[in-house]
Amino acid sequence: MLLKPEQRQKLDQTDDKLFYSFPRFVTHVDKNFIQQLTDLYRQRLQPQTRIFDMMSSWVSHLPEEMEFAHVEGHGLNAEELARNPRLDHYFIQDLNANPKLPLPDRDFDAVLNCVSVQYLQYPEAVFSEIHRILKPGGVAIISFSNRMFFQKAIQAWLDGSEATRIALVKSYFQSHPGFTTPEIIARPTEVPNFLQWLGMEGGDPFYAAIAYRRQ
Ligand SMILES: C[S@@+](CC[C@H](N)C(=O)[O-])C[C@H]1O[C@@H](n2cnc3c(N)ncnc32)[C@H](O)[C@@H]1O
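Let me sum up the structure you'll find in this document. (Residues numbered from 1 in each chain as written. Predicted model: local features only at pLDDT ≥ 70, side-chain atom pairs only at ≥ 80, totals over all residues. Heavy atoms only, no water.)

## Comments concerning the packing of aromatic side chains
Overall, the coordinates contain twelve aromatic pairs when judged by the stated rule. Relative to phenylalanine 91, the ring of phenylalanine 52 lies with its centre 5.9 Å away and its plane at 5 degrees, an arrangement referred to as stacked. With phenylalanine 52 in strand β1 (residues 50-54) and phenylalanine 91 in strand β3 (residues 89-92), this pair connects stretches of sequence that are 39 residues apart. One exposure class covers both phenylalanine 52 and phenylalanine 91, and it is buried. Ring geometry for phenylalanine 52 and phenylalanine 108: centres 5.8 Å apart, planes at 45 degrees, overall tilted. Of this pair, phenylalanine 52 sits in strand β1 while phenylalanine 108 sits in strand β4 (residues 108-114), and the two are 56 residues apart along the sequence. (Phe/Tyr/Trp six-rings, centres within 6.5 Å; stacked < 30°, edge-to-face > 60°. Helix = DSSP H or I, 4+ residues; strand = E, 2+ residues; numbered from the N terminus. Buried < 20%, exposed > 50% of the residue type's maximum accessible area, 1.4 Å probe, protein only.)

Below, the structure is given as structure tokens:
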């Protein structure tokens, strides 16, 4: 067992569906973060492949010029997902209530999860599902920053520093033997806190953990 029961707790223990019941047409991280993520997708994704954007919203941050064979979306708010121009299809499912994805084995070339991994209470089960739906050789890209709805993040995330959060996401991949050793991209912020408080852009740190499904 990777996490202790108390590390899976959230400050707000009400149903996640309630928290996400109204749409938020915002971006949860700044332009600099999004640019780095889109560039990473440009490098690691192949055109005309099958993509699953897990815990998505009205934006997927995919490179505009890239076309995919299919982009499947998932999240908790139907209005947000309906407005996402990149999704060919989507479904609503609370992964903390049911981590089993209604998707076939070995069906996706890539699974993406942007700034949402901190909300998963049973990450081992979800990462096992990510592995199951990936094709052999397929890639999972988990990105995160230091922003969050803190009342909905798990205690293990709240207790951690940025460095321990990287180790946490790494351990999620390592909880399944079928993933390659995760590669980490870590770009902590270079903008001092007081300049961020004064509204200076570009301050959101960028972290990504990337692993591939072995054969
Ligand atoms: C901070 S938003 C990020 C959305 C999107 N990936 C983006 O980059 O804008 C977190 C997302 O996680 C999803 N989410 C949160 N808790 C969830 C849960 N228990 N089950 C499934 N999805 C959840 C919500 O639908 C929400 O859209």
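## Overview of the site of the ligand
What surrounds the ligand is a group of 20 residues, the closest being Asp16, Met55, His61, Asp94 and Leu95. Take aspartate 94: an N or O atom from its side chain is 2.8 Å from a nitrogen atom of the ligand. Interatomic distance of 3.5 Å between a side-chain N/O atom of serine 116 and an oxygen atom of the ligand. Of the residues contributing to the shell around the ligand, the split by class is eight nonpolar, nine polar and three charged. (Near = heavy atom within 4 Å. Polar contact = N/O pair within 3.5 Å; in protein donor to acceptor, adjacent residues only side chain to side chain. Nonpolar A, V, L, I, M, F, W, Y, C, P; charged D, E, K, R; others polar.)

## Focus: the nonpolar core
Core analysis: the largest hydrophobic core is formed by 36 residues, its most contacted members being Phe52, Met54, Val117 and Ile130. For this core, the secondary-structure elements that each account for two or more residues are β1, β4, α4 (123-133), β5 (134-144), α5 (155-159), α6 (162-174) and β7 (206-212). When residues in this core are grouped by element, the largest group, five residues, is from α6. Those residues within four positions of phenylalanine 52 in sequence are excluded, and the remaining contacts are Glu72, Gly73, His74, Phe91, Leu101, Leu103, Phe108, Ala110, Val111, Leu112 and Ile133. (Core = buried A, V, L, I, M, F, W, Y, C linked by side-chain atoms within 4.5 Å. Contact = heavy atoms within 4.5 Å.)

## Remarks on unusual backbone geometry
For arginine 106, which is not glycine, the phi dihedral falls at a positive 50 degrees. The exposure class of arginine 106 is partly exposed, given its relative accessible area of 45%. Positive phi, normally seen in glycine, also occurs at valine 115, with a value near 45 degrees. Within the element layout of this structure, valine 115 appears in the loop between β4 and α4. Under the relative-accessibility criterion, valine 115 is labelled buried at 12%.

## Points about the pairing of strand β2 (residues 70-75)
Within β2, six of the six residues are buried, leaving the element largely enclosed by the surrounding structure. Residue alternation in β2 divides its side chains into two sets, His70, Glu72 and His74 and Val71, Gly73 and Gly75, and both sets are buried. As paired elements, β1 and β2 share four bridges and run parallel to each other. Residue aspartate 53 lies in a different strand from β2, and its bridge partner there is glycine 73. Sheet topology places β2 next to β3; four bridges connect them, and they run parallel. What sits directly across from glycine 75, in β3, is isoleucine 92. (Pairing = 2+ DSSP bridges.)

## As for the environment of histidine 28
Relative to the assigned elements, histidine 28 resides in the loop between α1 (16-19) and α2 (31-44). Assessed through its relative accessible area of 30%, histidine 28 is described here as partly exposed. Residues histidine 28 and isoleucine 133, spaced 105 residues apart in sequence, show a C-alpha to C-alpha distance of 27 Å. When sequence neighbours within four positions are dropped, the list of residues in contact with histidine 28 reads Val115, Arg147 and Phe149.

## Re the pattern of salt bridges
Per the stated rule, a full pass over the model turns up 13 salt bridges. Its salt-bridge partner being lysine 135, residue aspartate 109 comes within 3.1 Å of it at the nearest N-O pair. Here lysine 135 lies in strand β5 and aspartate 109 lies in strand β4, a separation of 26 residues in the sequence. Judged by its relative accessible area of 23%, aspartate 109 is partly exposed. Residue lysine 135 is classed as partly exposed on the basis of its relative accessible area, which comes to 27%. (Salt bridge = Lys/Arg side-chain N within 4 Å of Asp/Glu carboxyl O.)

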